[in-house]
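Analysis of the macromolecular model
Here's the letter readout for the chains.
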Amino acid sequence: MIELTHIHRNFQVGDQVVHALDDVTLNIAAGEYVSIMGPSGSGKSTLLNLLGLLDRPTSGTYRLNGRDVTSLSDIEQARVRNHEIGFVFQMFHLVPRLTAEENVELPLMLAGMPVEERRKKVASALKDLGLEARSHHRPEQLSGGQRQRVAIARATVTEPRVLLADEPTGNLDHKSGEDVIHILEQLNQRGITLIIVTHDLEMGQRAKRQLRMLDGRLHSDHSDGQPAELDHGAS
Amino acid sequence: MALHSADIARFSWGALRGYPTRTVLMLVAMAIGVSAVVVLTSLGEGARLYVMDKFASLGTNLIIVIPGRSETAGINPSTMMGETPRDLTLDDALALTRSYKVRRISPINVGSARVTHAGRARDTVILGTSAEMLAIRHWELAQGKFIPKMDLDRATSVAVIGKKIRDELFGAERAIGKWLRIGDRRFRVIGIMGSEGRSIGVDVQEIVMIPVASAQQLFNTSSVFRILVEAKTREAIEPVKQFIIDTLQKRHQGKKDVTVITQDAVLATFDRILGALTYAVGGIAAISLAVAGILIMNVMLVAVSQRTAEIGLLKALGASPRHIITLILAEAFLLSSLGAIAGYLLGQLGSWIIRYAFPVLPAYAPAWAVLISLLVAIVTGLLFSLMPARRAARLDPVQALSRR
């Protein structure tokens, strides 16, 4: 479903070129549960941004569902983000002046979906996450866990195939973090491809497939607890 | 993926309400700009209408004949010859009645003399004129009669005096029928002029009017100062003007030595001057609109940087650059049109206050000024928001979202 081949992503910092991603080749099948771990600056966030079409690679190709998405225009990429990818952020990124309901409605609004249809989808997305009673609350009136659940509702309301989560529990207490992880895992069990970036070893190890980044390279790729050291450039 | 316009409106409205201080400040800036245009143009327009009205009260279809030729080219043969222009006479005035297009004429003479009655004296303007003057100038008597209809060259000793003159010379005493002295001659008061006759230049309450022939004797002259001619219709003004020039040329041995002014020409000149003045103040006020536009740009820039995360998020959720530009411009449009409407109302209130304070001034903002100011407000609001909107659209979502 996700095919990255020889992806490079360079940043110009002063007169130095930083290789945030250095020849990454990676395949992720539909329905997989993948965690990406690694120290800061290892390129894991850059990888997630690339997967989410928020950033473009310097070279290499990215095929999503068989389609080369690296060469798409801004407008087409926006459409792909809207329809096929859901984001969950560490900072939740809810719009503070909008209610939970309105926040969840945003991607559907951007898709230009008719209002009645939107209302139904939003209501069912909030219900799935146990937020019916909170639908008219603004983010400031919600707890951290509730906010992240609203953010998940917003990420899933468009029924995307891929859910990208960047430190989804990073700003939550342990209990709420557990809840959020459970929700994400349930979504994965229902068929969504879940990719989580995290520092948290315990959380990372729950994933069936664990990727470890180091210095912009894919350092290791364990599947179901069986280590499989990568031979760089060979896979 | 096209946004619904209802969604755009709702989202922008929400954004405006989300930052009330910013929104109110912007609205005030815009409103001041628009209201300045409305108030200043209404003031200019009011002044124009006021002056027009005053000129109209000089008389309708009025033509004024002045002795001497006013040439724009300073020197003409007559100046070289040392000739002085021939004076206008009462016969000239009579000759002008011989066109069916002329309704009435009135020669006038003006001078200054001492008016006395029972030991009280006052120096004042003496106007020698005829019975027709009352109708030509749309004056109304407060009391008594005006100078009677009679031959122009008959010098009778009657006088019509202004109210103020009466108050000063007669006090509470009845003036009609009493005698007073003007210079060394005695006149009988037959009428009093009230305040209705007030018009530019002369306050009829402060003058004394006597028959034109009497004034000629008083000032020891055989000429007249001006001849006022009233044409029957507006269309007749031009032919009458030509008739006057031809007639007087014939009577003056072929010399074109009079100047004929039509009231229309004077009106048109004033109309042009004051109209230009209105445009000018409107233009100055429009500068404040441009300032408001720049303010909008600044505030929208701040808004964009304030809402970096929000814009980044919208992008992550599938907003294309065009969506972002649409949303920011919609916000600016909403802001500037609300500001413009507030300014319009404020401006109308301002001109109402002017009208209330100065009832003589018909201070109504002309429609063109209102329309242009609203349009300029909205267009500048949009134009100056283009740059912030583009910047927002170019925003890098990665950076926008990673700011913590």
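Report on the accompanying structure. (Residues numbered from 1 in each chain as written. Chains lettered and ligands numbered in written order. Predicted model: local features only at pLDDT ≥ 70, side-chain atom pairs only at ≥ 80, totals over all residues. Heavy atoms only, no water.)

1. Description of the overall build of chain B
If you tally the helices and strands in chain B, you get 13 helices and ten strands. For chain B, the C-alpha radius of gyration of 34 Å lies well beyond 22 Å, the compact-globule estimate for 404 residues. Referenced to the eigenvectors of the C-alpha coordinate spread, the extents of chain B come out at roughly 105 × 55 × 35 Å. Burial analysis of chain B (404 residues in total) assigns 47% to the buried set. Summing over all exposed atoms, chain B offers an accessible surface of approximately 19,500 Å²; the carbon and sulfur share of this is 61%. (Helix = DSSP H or I, 4+ residues; strand = E, 2+ residues; numbered from the N terminus. Rg over C-alpha atoms; globule rule 2.2 N^0.38 Å. Buried < 20%, exposed > 50% of the residue type's maximum accessible area, 1.4 Å probe, protein only. Areas by Shrake-Rupley, 256 points an atom, 1.4 Å probe, with all protein chains shown as cover.)

2. A few points about the interface of chain B and chain A
Facing 30 residues of chain B, the contacting portion of chain A comprises 31 residues. Summed over both partners, the interface of chain B with chain A buries about 2,600 Å², with 64% contributed by carbon and sulfur atoms. Of the charged contacts, one joins A:Arg97 and B:Glu310 as a salt bridge, the two residues approaching to 2.9 Å between their closest N and O atoms. For the interface between chain B and chain A, the tally reads seven residue pairs in polar contact (both at pLDDT 80 or more). Secondary-structure elements contributing two or more residues to the side of chain B that touches chain A are helix H1 (5-18), helix H10 (308-316), helix H11 (321-357) and helix H13 (397-402) of chain B. Of the residues that constitute the side of chain B that touches chain A, the class distribution is 16 nonpolar, six polar and eight charged. (Contact = heavy atoms within 4.5 Å. Buried area = accessible area lost by both parts, 1.4 Å probe. Salt bridge = Lys/Arg side-chain N within 4 Å of Asp/Glu carboxyl O. Polar contact = N/O pair within 3.5 Å; in protein donor to acceptor, adjacent residues only side chain to side chain. Nonpolar A, V, L, I, M, F, W, Y, C, P; charged D, E, K, R; others polar.)

3. Some words on the sheet that holds strand E4 (residues 59-64) of chain A
Residues and elements named next belong to chain A. Spatial strand order, E2-E1-E4-E5: four strands in an open sheet with antiparallel pairing. Of all strands in the sheet, those bounded by a partner on one side alone are strand E2 (16-28) and strand E5 (67-68). Looking at chain direction, strand E1 (residues 2-13) and E4 are connected through five bridges and run antiparallel. What sits directly across from His 8, in E4, is Ser 59. Relative to the sheet, helix H1 (residues 44-51) contacts E1, E2 and E4, its axis offset from that of E1 by approximately 120 degrees. (Pairing = 2+ DSSP bridges. Axes fitted to C-alpha atoms, helices over the stretch in contact; angles between N-to-C directions.)

4. Examining a nonpolar patch on the surface
Where nonpolar side chains cluster on the molecular surface, the patch consists of B:Leu346, B:Leu349, B:Trp352, B:Ile353 and B:Tyr356 and spans about 570 Å² of accessible area. The class for B:Tyr356 is exposed, based on a relative accessible area of 63%. (Patch = residues over 30% accessible without salt bridge, like charges linked within 9 Å, V, L, I, M, F, W, Y side chains within 5 Å.)

5. Remarks on the environment of A:Asp166
All names here are of chain A. Considering the arrangement of structural elements, one finds Asp 166 in strand E7 (residues 162-166). The class for Asp 166 is buried, based on a relative accessible area of 15%. In sequence terms Asp 166 and Ile 152 are 14 residues apart; their C-alpha atoms lie 12 Å from each other.

Everything listed is a geometric property; what it means functionally is a separate question.
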